[in-house]
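Summary of the model geometry
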Amino acid sequence: MSEQINHHRRRFFGMTAIALAAVEFGVAGTAAAQSSATAASVPAIKPGTNTSFEALKQVKAGVLDIGYAEAGKADAPVVLLLHGWPYDIYSFVDVAPLLATAGYRVIVPYLRGYGTTRFLDDQTPRNGQPSALAADMIALLDALDIEKAVIAGYDWGGRTANIMAALWPERCKAMVSVSGYLIGSQEANKKPLPPKAELAWWYQFYFATERGRQGYESNTHDFAKLIWQTASPKWNFDDATFDRSAAAFDNPDHVAIVIHNYRWRLGLVEGEAKYDAYETTLAATPVISVPTITMEGDANGAPHPQPSAYAGKFSGKYEHRTIGGGIGHNLPQEAPQAFAQAVIDVDRF
């Protein structure tokens, strides 16, 4: 499949959504512009209710053979859900059926280096720079003949969604982004942070060393579990929940992609020249114009900016929601109802 954007897309049919129970999690919102009314409410759901997806598929897109889960009708409006590190598509195992029931076609891909996603060519650089991940998702939309989608994600997935919205706004109907505006650059990352903030990024500096690469390769699952525990200190996930996601790290390119991603951020490794123009645009921290809801859990233990720091980076209709109840970094898996509700609401802006 060509990496060039296919401008001949099918048009979407209209959708209806069901009106059900009120939101389970408390939501405190501050908004530059809020939707006038909530068109539908998703039903209450206990996190962890679902443990599998109905369908897992593969499609050749750009430089990858991408593995993805799908739910909902093929002719419904599309939502693209993007996971982070060290997580996988199971972050959305409860969100996907909620959105499918509400009338969406839900696509949940494994990012490069995760799950069943594979490079088509052994010679392709195992490049983890953020713009490459965003280009992968545009290639995925092309491969699936999807003109436009609501984009929603957290962590790496939130950053990927931000970049898609900044570089390809015509492909993004609206966006939900956990931890807000996450677009950065190598130049910006040269500036030291206060000591407490630097401490929170300990693994980034660990990965900058050969010892760190070897350590992650040798202890991938234990490392990931530690990150889960520190990033979501109040989330009492069980071994079965972790093990379902940890299987995605057995991908042969996982370690290379993760190490390159964090080393690229610090300017320790090069990216690919074909992404240089994207990086030039992103280095200017462009304002995002698509309708957006940003979210944050009240117990997020991972490094993240304060909502006030990024509210001005969204020029379209915008709202921020802080989700209470001890919700950590993996917000869609810990608070699936609130995340699904945000997707529905932002689509009505």
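Residues numbered from 1 in each chain as written. Predicted model: local features only at pLDDT ≥ 70, side-chain atom pairs only at ≥ 80, totals over all residues. Heavy atoms only, no water.

The protein appears in an unreviewed UniProt entry as Alpha/beta hydrolase from Rhizobium indicum.

1. Notes on unusual backbone geometry
Going by this rule: Here a helix means four or more residues in a row that DSSP labels H or I, a strand means two or more in a row labelled E, and each is numbered from the N terminus. In this scheme, a residue with accessible area under 20% of its type's maximum is buried, one over 50% is exposed, and one in between is partly exposed, where area comes from a 1.4 Å probe on protein chains only.
With an omega of -5°, the peptide bond running from tryptophan 85 to proline 86 counts as cis. On the secondary structure map, proline 86 appears in the loop between strand E4 (78–82) and helix H1 (95–101). Positive phi is not limited to glycine here, since aspartate 145 has a value of about 55°. Along the polypeptide, aspartate 145 turns up in the loop between helix H2 (130–143) and strand E7 (149–153). Assessed through its relative accessible area of 29%, aspartate 145 is described here as partly exposed. Even without being glycine, aspartate 155 reaches a positive phi, approximately 55°. Checked against the element boundaries, aspartate 155 lands in the loop between E7 and helix H3 (156–167).

2. Some points on helix H13 (residues 336–347)
Put simply, the rule reads: Residue count minus one, scaled by 1.5 Å, sets the expected span of a helix.
In this model H13 runs 17 Å from its N-terminal to its C-terminal C-alpha over 12 residues, within 8% of the 16 Å that 1.5 Å per residue would give. In terms of residue burial, H13 counts as a mostly covered element, since 12 of its 12 residues are buried.

3. Section: the side chain of arginine 263
The following threshold applies: Contacts are residue-level and defined by heavy atoms, with any inter-residue pair within 4.5 Å sufficient.
The topology assignment puts arginine 263 in helix H9 (residues 254–265). When sequence neighbours within four positions are dropped, the list of residues in contact with arginine 263 reads Phe207, Ala208, Thr209, Glu210, Arg213, Leu268 and Val269.

4. Quick look at the pairing of E4
Quick note on the threshold: Place the viewer so that the strands point away; then a crossover is right-handed whenever the path from the first strand over the helix to the second strand goes clockwise. In this scheme, strands are said to pair when DSSP sees at least two bridges between them.
Across the five residues of E4, five count as buried, placing the element largely inside the fold. Alternating residues of E4 divide into Val78, Leu80 and Leu82 and Val79 and Leu81, and every residue in both groups is buried. Taken together, E4, H1 and strand E5 (residues 105–109) constitute a β-α-β crossover, and its handedness is right-handed. Bridging between E4 and E7 involves five bridges; their strand directions are parallel. Along E7, the bridge assignment pairs leucine 80 with isoleucine 151.

5. Concerning the environment of serine 179
Selection rule: For this analysis, a polar contact is any N or O atom pair within 3.5 Å, provided that within protein one partner can donate a hydrogen and the other can accept it, and provided that sequence-adjacent residues contribute only side-chain to side-chain pairs.
Topologically, serine 179 is positioned in the loop between strand E8 (172–178) and helix H4 (195–200). The class of serine 179 is buried, set by a relative accessible area of 4%. In this structure the C-alpha to C-alpha distance between serine 179 and aspartate 155, which are 24 residues apart in sequence, comes to 7.6 Å. Of the polar contacts made by the side chain of serine 179, one reaches the side chain of glutamate 296; its length is 2.9 Å.

6. Here we look at the pattern of salt bridges
Condition: The working definition used for a salt bridge is a side-chain nitrogen of Lys or Arg within 4 Å of a carboxyl oxygen of Asp or Glu.
Taken as a whole and assessed by the stated rule, the structure comprises 13 salt bridges. Between arginine 126 and aspartate 253 there is a salt bridge, and its shortest N-O distance comes to 2.9 Å. Of this pair, arginine 126 sits in the loop between strand E6 (118–119) and H2 while aspartate 253 sits in the loop between helix H8 (239–246) and H9, and the two are 127 residues apart along the sequence. Among the salt bridges present, the one from glutamate 187 reaches lysine 190, with a minimum N-O distance of 3.1 Å.

7. Thoughts on the packing of H3 against helix H10 (residues 276–283)
Our working definition: Only the contacting stretch of a helix is used when fitting its axis, a line to C-alpha atoms as for every element, and angles between N-to-C directions run 0 to 180 degrees. Working definition: roughly parallel below 35 degrees, roughly antiparallel above 145 degrees, roughly perpendicular at 65 to 115 degrees, and oblique for all remaining angles. Here the nonpolar group is Ala, Val, Leu, Ile, Met, Phe, Trp, Tyr, Cys and Pro; Asp, Glu, Lys and Arg are the charged ones; every other residue, Gly included, is treated as polar.
Contact geometry for H3 and H10: axes closest at 11 Å, N-to-C directions at 95°. Here H10 runs roughly perpendicular to H3, going by the angle between their axes. Of the residues in H10, those in contact with Ile163, Ala166 and Leu167 of H3 are Tyr278, Thr281 and Leu282. Across the contact of H3 with H10, the residue classes tally to five nonpolar, one polar and no charged.

8. Description of the packing of aromatic side chains
For the record, the criterion: Working definition: rings of Phe, Tyr and Trp (its six-membered ring) pair if their centres are within 6.5 Å, and the pair is stacked with planes under 30 degrees apart, edge-to-face with planes over 60 apart, and tilted otherwise. By definition, being over a ring means that NZ of Lys or CZ of Arg is both within 6 Å of the ring centre and within 35 degrees of the ring normal.
Within the structure shown, the criterion is met by 35 aromatic pairs. The interplanar angle of 45° and the centroid separation of 6.3 Å between the aromatic rings of tryptophan 202 and tyrosine 206 together place this pair among those described as tilted. Here tyrosine 206 and tryptophan 202 lie together in helix H5 (residues 202–207), a separation of four residues that amounts to about one turn. The exposure class of tryptophan 202 is partly exposed, given its relative accessible area of 36%. For tyrosine 206, a relative accessible area of 26% corresponds to the partly exposed category. One aromatic cluster is present, built from ring pairs that chain together Trp85, Tyr114, Trp156, Trp201, Trp202, Tyr203, Tyr206, Phe207, Tyr216, Phe223, Phe249 and Tyr262. It is lysine 313 that lies over the ring of tyrosine 181; its NZ or CZ is 5.2 Å from the centre.

9. A closer look at the nonpolar core
Among soluble globular proteins, nonpolar side chains are generally buried collectively. Convention followed: Residues belong to one nonpolar core when they are buried, are Ala, Val, Leu, Ile, Met, Phe, Trp, Tyr or Cys, and are joined through side-chain atoms within 4.5 Å.
Core analysis: the biggest nonpolar cluster contains 108 residues, and Leu81, Trp85, Leu99, Met164, Met295 and Phe339 have the highest contact counts within it. The dominant element in this core, judged by the number of residues it contributes, is H2, at nine residues. When sequence neighbours within four positions are dropped, the list of residues in contact with leucine 99 reads Val79, Leu81, Tyr104, Val106, Ala340, Val343 and Ile344.

10. Focus on the packing of helix H6 (residues 210–218) against H9
To be explicit about the condition: A crossing counts as left-handed when the near helix is turned anticlockwise from the far one by less than a right angle, and as right-handed when that turn is clockwise.
Here H6 crosses H9 at 145°, and the two axes come no closer than 10 Å. Taken as a pair, H6 and H9 cross one another with a handedness that is right-handed. For the pair formed by H6 and H9, the contact residues are Glu210, Arg213, Tyr216 and Glu217 on the first element and His254, Val255, Val258, Ile259 and Arg263 on the second. Residues of the contact of H6 with H9, tallied by class, amount to four nonpolar, one polar and four charged.

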